Every structure is written in structure tokens, then in C-alpha cells.
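Coordinate analysis (summary)
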Amino acid sequence: MSLPPTEVPIAPYEGAHHASAIGDLPLPPKFESKQMERKYLKFRLAQAFRIFGKLGYDEGIAGHITVRDPIRPDCFWVNPFGKHFSLIQPEDLLLVDHHANVQVAESGPNTLLNRAAFMIHSTVHAKRPDVNCAAHSHSIYGRAFSALGKELDIITQDSCAFYQDHGVYDQYGGVVLSEEEGEHISVALGNKKAVILQNHGLLVATNSIEATLHFYVSFEKSCQVQLAADAAAAGTGRRTQKIPAKQAAMTHGVVGTMYAGYFNALPRFQLLEAEEGVSFDFGRGVPVGRAKL
């Protein structure tokens, strides 16, 4: 049997040929207007919050996901301060500019803004025009691993997604309430897609809501796997086996691309839509009901 070539697309969403698939891969939706795109991004962002809620990434009022607004790129959408991830709907989201001004006319009824969310995300969005979505939460294993103040070891296929593609902010400056602390985090992130915030947690920043969601979940799980593997190694007097640089780089080119992040997230959104019975109608630009699981 002759298989098609295993070409990995150069651009994030270019064409059908990819090393991990035989056949045509799904591409992100295209929109007839920026207004329609905004409606969809708000719908998708609210879904991402509810997925975070299902995964237990909440910790009181901590945590935030932002997406750049397609109509006003100098603004981003964010969750209102004090509302549980699992309850967030599109109409709850806040539109905020880079001067911390909530755009009241376009935002939800609760216009309370998390200062830490603004300080972290405004700097990332301003310094990284390629970043459309960023996520930070106090998830358990990311928090635990962050106490080590070190990068992930590349010990599994999945952790290869972060090979030379994550940083460490190796100090703790307290709750992020100042522009200076947000700047330090942005510098530690650099041009990578993820950063470990020492004594704090994880931050992931990519070009789409889907890729950010997937890589956040994968980053959290990679922290969990390494904590377990390191404990097992210590208990047996062995060392974890690191993936060699050549193989890690090659694998990153398959599992660590923006498209890989987008595609890997789709099943989580599919499951949420099946459980909730709500999806986005691209013809009308509104959420619509459907049969639940």
C-alpha cells in the first residue's frame, strides 16, 4: 500500500497534508464579517471556560483566558472577576482595552475586572501580535511543578510539544498587580507558547482559542506525568529517560505546531457541545440548541 508523503505544513493552517493524517484535515472556520467572527470567538471562549471548569482548573477567583477582539485588535475579551468558569456564557464576557478600560456598552453586566488578568494578558497581547488567545490558571499539577522553578524534562511524546518552546519565570513577585510583574512574565514567555511561573502556575499563549486550550491541558498533564515519573525514578533508584534532541525536535514539528493544537482541541469542544446540546449556527451567527448525549 502506497501512503501519501508525510509533509508537515509550513503555515499553521496550510492545506491537508500532515504527518499525522492520511486525508484532508479540518480547517478553522472562515467568516463573512468581523462581526460574525466576534460572535463566534465569544461563543468559543465561553466554551473554553466551561471546559476549564469541567477539568477542575478553578481555584476560587483565580484564572483567566483572553482572546483578542477581531474588530478592535487593541482590546481583548476576558472573564468577569468572580464568576465560576463553569457558568460563563458569551454575554458575560468583558471587552477591555490595553489601558484597563472596560468597554461597558459591549461587555456583560458584571464589569468587575481582575487586575492580575489585565496585568498579565495586556502585556502578552501587546508584545505578541501573533498571540490571539492566552490562558492562565492555578491548576494543581502545574502549580506543584512550578515550585521546582525548572523547565519540563522532555520524557514523553506529548511533552515534545514544549521542546524548546516553553520558558520559566524563575522568581515569585507576589500577586500580579503591577505592570512591572506583567512585563517580567512576558519576557520569560518570549516568543514561546508557554511559560512556567515559579510558585504560581502555568501560562499558555497561542494563535487560537483551540490551540491554547489544548496546549494548556497538555502542559498541565506533562507536569503531572513528570512529577509521577520523577517520584517513581527516585523510589526505584533509576533516572527518567530523556528523549534525544533530534527526535524531540522532529516530534515537536508534528505535535507542537499551532495546527496540531487546534486539531487536538476539537474533540473536547465536540464533547462539550454534545453534553450541553448547544452549538454555533454559522448561518445565523448565534448559538442553537441540539440533541444532548
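This text follows the structure it describes.
First, a word on what this report is: a plain description of the structure on this page. As the structure is a prediction and not an experimental result, all values here were calculated from the model.

**Examining the overall build of the protein chain**
A tally of regular secondary structure across the protein chain gives seven helices and nine strands. Taking 19 Å as the expected radius of gyration for a compact globule of 293 residues, we find that the protein chain reaches 19 Å, a close match to that expectation. Here the C-alpha coordinates of the protein chain stretch approximately 60 × 55 × 35 Å along the principal axes. Here the protein chain, with 293 residues, has 50% of them falling under the buried criterion. In the protein chain, the share of contacts with a sequence separation of at least 24, taken over all contacts with a separation of at least 6, comes to 65%. Here the protein chain contributes 27 positive and 30 negative side-chain charges, whose respective centroids are spaced 3 Å apart.

**Quick word on the pattern of salt bridges**
One pass over the structure, following the stated rule, counts 15 salt bridges. Note that Asp 69 is salt-bridged to Arg 38, the shortest N-O span being 2.8 Å. Remark: Arg 38 occurs in helix H1 (residues 34-54) and Asp 69 occurs in the loop between strand S1 (64-68) and strand S2 (75-78); sequence separation between them is 31 residues. Asp 69 gets classed as buried once you look at its relative accessible area, which sits at 1%. According to the relative accessible area criterion, Arg 38 is buried, its value standing at 14%.

**Things to note about the environment of Ala 116**
By the element assignment, Ala 116 lies in helix H2 (residues 115-127). By relative accessible area, which is 11% here, Ala 116 ends up buried. Setting aside residues no more than four positions away along its own chain, Ala 116 makes contact with His 64 and Val 176.

**Description of the nonpolar core**
Core analysis: the largest hydrophobic core is formed by 38 residues, its most contacted members being Leu 45, Phe 52, Ile 65, Ile 209 and Phe 219. Of the residues forming this core, the biggest block, eight residues, is contributed by helix H5 (residues 209-236). Discounting chain neighbours no more than four positions away, the residues touching Leu 45 are Ile 65, Val 67, Trp 77, Leu 93 and Ile 209. Membership of the second largest hydrophobic core comes to 23 residues, among which are Val 102, Ala 117, Val 124 and Ala 134.

**Some details on the pairing of strand S5 (residues 166-169)**
Where S5 meets strand S6 (residues 194-197), four bridges bridge the pair, whose relative direction is parallel. By the bridge assignment, Gly 167 is partnered in S6 with Val 195.

**Thoughts on a nonpolar patch on the surface**
The grouping of Tyr 172, Val 175 and Leu 177 at the surface amounts to a nonpolar patch, some 310 Å² of accessible area in total. In this structure, Val 175 sits in the loop between S5 and helix H4 (179-189).

**Observations concerning the layout of surface pockets**
By volume, the largest pocket amounts to about 490 Å³. Every residue lining the largest pocket is counted, 23 residues in all, and those nearest its centre are Phe 31, Glu 37, Leu 41, Asn 132 and Asn 207. In the lining of the largest pocket, the residues fall into 13 nonpolar, three polar and seven charged.

**A word on the side chain of Glu 210**
Take Glu 210: it is sitting in helix H5. A distance of 2.8 Å separates polar atoms of two side chains, one belonging to Glu 210 and the other to Arg 44. When sequence neighbours within four positions are dropped, the list of residues in contact with Glu 210 reads Tyr 40, Arg 44, Gly 261, Tyr 262, Ala 265, Leu 266 and Phe 269.

**Structural notes on the packing of aromatic side chains**
Per the counting criterion, the structure on display carries 15 aromatic pairs. Summarising the aromatic geometry, the rings of Tyr 259 and Phe 263 are spaced 5.9 Å apart at their centres and angled 25° between planes, so their arrangement reads as stacked. With a gap of four residues between them, Tyr 259 and Phe 263 both fall in helix H7 (residues 258-276), about one helical turn apart. On the basis of relative accessibility, which here comes to 4%, the residue Tyr 259 falls in the buried class. Given the relative accessible area of 34%, Phe 263 is considered partly exposed. An aromatic cluster of at least three residues, connected via ring pairs, comprises Phe 31, Tyr 40, Phe 43, Phe 280 and Phe 282. Stacked on the ring of Phe 269, the Lys or Arg Arg 44 has its end atom at 3.9 Å from the ring centre.

What counts, and at which threshold
Residues numbered from 1 in each chain as written. Predicted model: local features only at pLDDT ≥ 70, side-chain atom pairs only at ≥ 80, totals over all residues. Heavy atoms only, no water. Helix = DSSP H or I, 4+ residues; strand = E, 2+ residues; numbered from the N terminus. Rg over C-alpha atoms; globule rule 2.2 N^0.38 Å. Buried < 20%, exposed > 50% of the residue type's maximum accessible area, 1.4 Å probe, protein only. Contact = heavy atoms within 4.5 Å. Lys, Arg positive; Asp, Glu negative; His and termini not counted. Charge placed at Lys NZ, Arg CZ, Asp CG, Glu CD. Salt bridge = Lys/Arg side-chain N within 4 Å of Asp/Glu carboxyl O. Core = buried A, V, L, I, M, F, W, Y, C linked by side-chain atoms within 4.5 Å. Pairing = 2+ DSSP bridges. Patch = residues over 30% accessible without salt bridge, like charges linked within 9 Å, V, L, I, M, F, W, Y side chains within 5 Å. Areas by Shrake-Rupley, 256 points an atom, 1.4 Å probe, with all protein chains shown as cover. 1 Å grid on protein atoms, 1.4 Å probe; cavity = no way out; pocket = protein on both sides within 12 Å on 5 of 7 lines; lining within 4 Å. Points joined across faces, edges and corners; volume = space filled by probe spheres on them. Nonpolar A, V, L, I, M, F, W, Y, C, P; charged D, E, K, R; others polar. Polar contact = N/O pair within 3.5 Å; in protein donor to acceptor, adjacent residues only side chain to side chain. Phe/Tyr/Trp six-rings, centres within 6.5 Å; stacked < 30°, edge-to-face > 60°. Lys NZ or Arg CZ within 6 Å of the ring centre and 35° of its normal.

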